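Chain and residue survey
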Amino acid sequence: MCGIVGYTGPREAYPVIIKGLKRLEYRGYDSTGVALQNGGLKVYKKKGKVAELEDSIVGKDLHAHVGIGHTRWATHGEPNDRNAHPHSSASGKLAMIHNGIIENYAQLKQELLKKGYSFKSDTDTEVLLNFVEDIKTNNHCSLEEAVRIALKRVVGAYVILLLDEETPGTIIAARKGSPLVIGIGKGEHFLGSDASPMLEYTKEVVYVNDYELAIIKPDELILKNLGNETITPYVQKLDIELAAIEKVGYDHFMLKEIFEQPQTIYDCLRGRLDAIAGTITMSGIQQYSGQIMNANRIVIIACGTSWHAGLVAEYIFEELCRINVEVEYASEFRYRNPVINKGDVIIAISQSGETADTLVAIETAKAKGAIILGVVNVVGSSIARVSHGGAYTHAGPEIGVASTKAFTAQLAVLTMIALKVAHDKGSIDKERYMHLLNELHEIPQKVSKVLESSEHIKRLAEKYKEASDALYLGRGYNFAVALEGALKLKEISYIHAEGYPAAEMKHGPIALVDENLPVVFVATKDSYHEKIVSNMQEIKARKGKLIAVISEGDDYTAALCNDVMVVPEADEILAPMLSVIPLQLLAYYIGVAKGCDVDKPRNLAKSVTVE
Ligand code: F6R
């Protein structure tokens, strides 16, 4: 949430920052701003996306070799020019951008108001900035020292970048709870909420940790803790190519990411699954295999689409491993003093690895003694780092705000963990184990097959784009797919959609059914098939429009429906990796047909780093 970029070095800072902000726009796009230092500070900011800021400052003096930039997802104060970052301090000598929330800002603001400060915006950021300036002025200290003192009083989460008119070429940065990456170039440094703004300039990066403060000059990076002790930066090499963060010919990142799924699932299985030898190798899980096998309970915590992956995993783990599983919304789990017993294992699922609720839920469970396993996409992210073990999903950067390829990669990883535990525990017989390994190995090819029907789904999108509501129904392993299909449709096209267990529909939602309501069934061939077909009959009898995801060759079900989307047959445990694909495409094409900004749906941001 909120993207931050910084640059100091010999290049013109503005183009580097603007390009970086475009890469980070998935994190929020309510407003945009830059602060450039060339002698004095110049701050340009505006409500709206990065392109709108660019248009508004054509012809202005943008020359500078140091600068910071921000793309905002509003928390305190509505999205407008005033509340856009960077903020300038009362004296105008400091500028700051911020990602996070300062929880005690109201108290700090009161103190500053009593001292005669006034505020131009409604943000917590401006309060923190003036708090820093007040300390700097009263203590006659450096900006670095003032930031250190200020942060000891701050409650909340932040990444902040500051410029000071008095120290040209220098950026001060600090982090707690929100991500910050520093790219190391030759005589230059880059900063970003993730590595994407710096990818074409350097592959060497430092992930700043919580409670660390950085003093960044073109040819020097000093990292300190809040106790003013110097820390040796740990430089890591990025393993991402530029093409991974560009659209490479696709109209949208979302479409690119949907079409990447055969490869991303393959990458996720590669080196781990050996269907011939009958082995699954996952080093980050291996050492906890005993604890998982003997766990009283597995608690899965996640949000949004990752939570849906967790729901599928619940069914898989219970079936294959015979272990009790609970799936929790991280935001609910963390606040209700959850009961965690010795022997409970937590699996935290997150694409970004930065979701604030999931992160705090992990800390809550960790403090109670649970083993934490992370299933995370972004390498080096906070959740990956606070987990005891786990497995990366290797889906590559996901930039479209609606999650697609991360979901199927999460399912692949979770299935492999369940299969490994079941095998080690002896709760699965050899024949079924080998069958599932073989089937899993074939999933990437089958996903490619589903993608071949994209033109057909595009036509369906045209047909159903005017719907005002839709109901998505599924049972068993496909129940969570129905929830995910509904979530995709509402976030991308703004059509109201609800996902429900198909049988539960009779206990309320069936009242919505009339000849105008599209009802999307996820009805692939599985052990629930006959039951779900009966549910389809119930909708048909009430004249609802029946659309279904069905298995190849299922002519009987096809004949019941107004429209179908066909996927290859697969074992029911693995079916969600296939049945979700047509629903991703349907949401995408409906969103496009309605003229929505599918990569940046309104009000959303990809990485939810605030509670
Ligand atoms: C939906 C979507 C969100 C995320 C949720 C969790 O398309 O992207 O619901 O799944 O915000 O994010 P992560 O997985 O990064 O923790």
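If you're wondering where the values come from, they're calculated on a predicted model, not measured in any experiment. (Residues numbered from 1 in each chain as written. Predicted model: local features only at pLDDT ≥ 70, side-chain atom pairs only at ≥ 80, totals over all residues. Heavy atoms only, no water.)

**Focus on the sheet that holds strand E10 (residues 189–192)**
The strand order across the open sheet formed by eight strands is E3-E2-E4-E1-E10-E9-E11-E15, and the pairing between neighbours is antiparallel. This sheet does not close on itself; its edge strands, each paired only once, are strand E3 (40–47) and strand E15 (235–237). Sheet twist, expressed as the mean angle between neighbouring strand axes with direction ignored, is 20°. Pairing of strand E9 (residues 181–184) with strand E11 (residues 204–207) involves three bridges; the strand directions are antiparallel. Following the sheet pairing, valine 181 is matched in E11 by tyrosine 207. (Pairing = 2+ DSSP bridges. Helix = DSSP H or I, 4+ residues; strand = E, 2+ residues; numbered from the N terminus. Axes fitted to C-alpha atoms, helices over the stretch in contact; angles between N-to-C directions.)

**Some details on the site of the ligand**
Residues in close proximity to the ligand total 15 residues, the closest being Ser306, Ser350, Ser352, Thr355 and Glu491. One of the backbone nitrogen or oxygen atoms of glutamine 351 is found 2.7 Å away from an oxygen atom of the ligand. Summarising the interface, the protein chains cover 90% of the accessible area of the ligand, which totals 410 Å² for the free molecule. Broken down by class, the residue content of the shell around the ligand amounts to five nonpolar, eight polar and two charged. Residues lining the shell around the ligand come from more than one domain, with at least three contributed by each of domain 2 (253–450) and domain 3 (453–611). (Near = heavy atom within 4 Å. Polar contact = N/O pair within 3.5 Å; in protein donor to acceptor, adjacent residues only side chain to side chain. Areas by Shrake-Rupley, 256 points an atom, 1.4 Å probe, with all protein chains shown as cover. Nonpolar A, V, L, I, M, F, W, Y, C, P; charged D, E, K, R; others polar. Domains from an automatic or database assignment.)

**As for helix H17 (residues 479–493)**
The terminal C-alpha atoms of H17 lie 21 Å apart, and with 15 residues this matches the ideal 21 Å at 1.5 Å per residue to within 8%. With 14 of 15 residues buried, H17 is to be regarded as a mostly interior element. Where H17 terminates, the next one or two residues include tyrosine 494, which has phi positive at roughly 65°. (Expected span 1.5 Å × (residues − 1). Buried < 20%, exposed > 50% of the residue type's maximum accessible area, 1.4 Å probe, protein only.)

**Here's the deal with the domain arrangement of the chain**
Per the domain assignment, the segments making up the chain are domain 1 (3–243), domain 2 (253–450) and domain 3 (453–611). The straight-line distance from the C-alpha centre of domain 2 to that of domain 3 is 24 Å. Both faces combined, the contact of domain 2 with domain 3 buries some 3800 Å², and carbon together with sulfur accounts for 68% of it. In this structure, lysine 449 and glutamate 552 form a salt bridge, with 2.7 Å as the shortest nitrogen-oxygen distance. Where domain 2 packs against domain 3, one counts 15 residue pairs in polar contact (both at pLDDT 80 or more). If you list the elements that add at least two residues to the side of domain 2 that touches domain 3, you get helix H6 (253–259), helix H10 (304–321), helix H12 (356–367), helix H14 (405–425) and helix H15 (430–451). Tallied by class, residues from the side of domain 2 that touches domain 3 come to 24 nonpolar, 13 polar and nine charged. (Buried area = accessible area lost by both parts, 1.4 Å probe. Salt bridge = Lys/Arg side-chain N within 4 Å of Asp/Glu carboxyl O.)

**As for the state of the cysteines**
Under the criterion given, the structure shown has zero disulfides. Cysteine 321 supplies the cysteine sulfur nearest to cysteine 268, a cysteine that is in no disulfide, at a spacing of 17 Å. The class for cysteine 268 is buried, based on a relative accessible area of 0%. (Disulfide = S-S within 2.5 Å.)

**Side note on the pattern of salt bridges**
Summed over the entire model, instances satisfying the criterion amount to 35 salt bridges. Where lysine 115 meets aspartate 134, a salt bridge forms, and the shortest distance between an N and an O atom there is 2.5 Å. In this pair, lysine 115 is assigned in the loop between helix H3 (105–114) and helix H4 (124–139) and aspartate 134 in helix H4, connecting sequence segments 19 residues apart. Relative accessible area serves as the criterion here: at 8%, aspartate 134 is assigned to the buried category. When the shortest N-O distance is used, the salt bridge between aspartate 164 and lysine 136 registers 3.3 Å. On the criterion of sequence distance, the pair formed by aspartate 164 in strand E7 (residues 156–164) and lysine 136 in helix H4 is long-range, its members being 28 residues apart. Since its relative accessible area comes to 2%, aspartate 164 is described here as buried.

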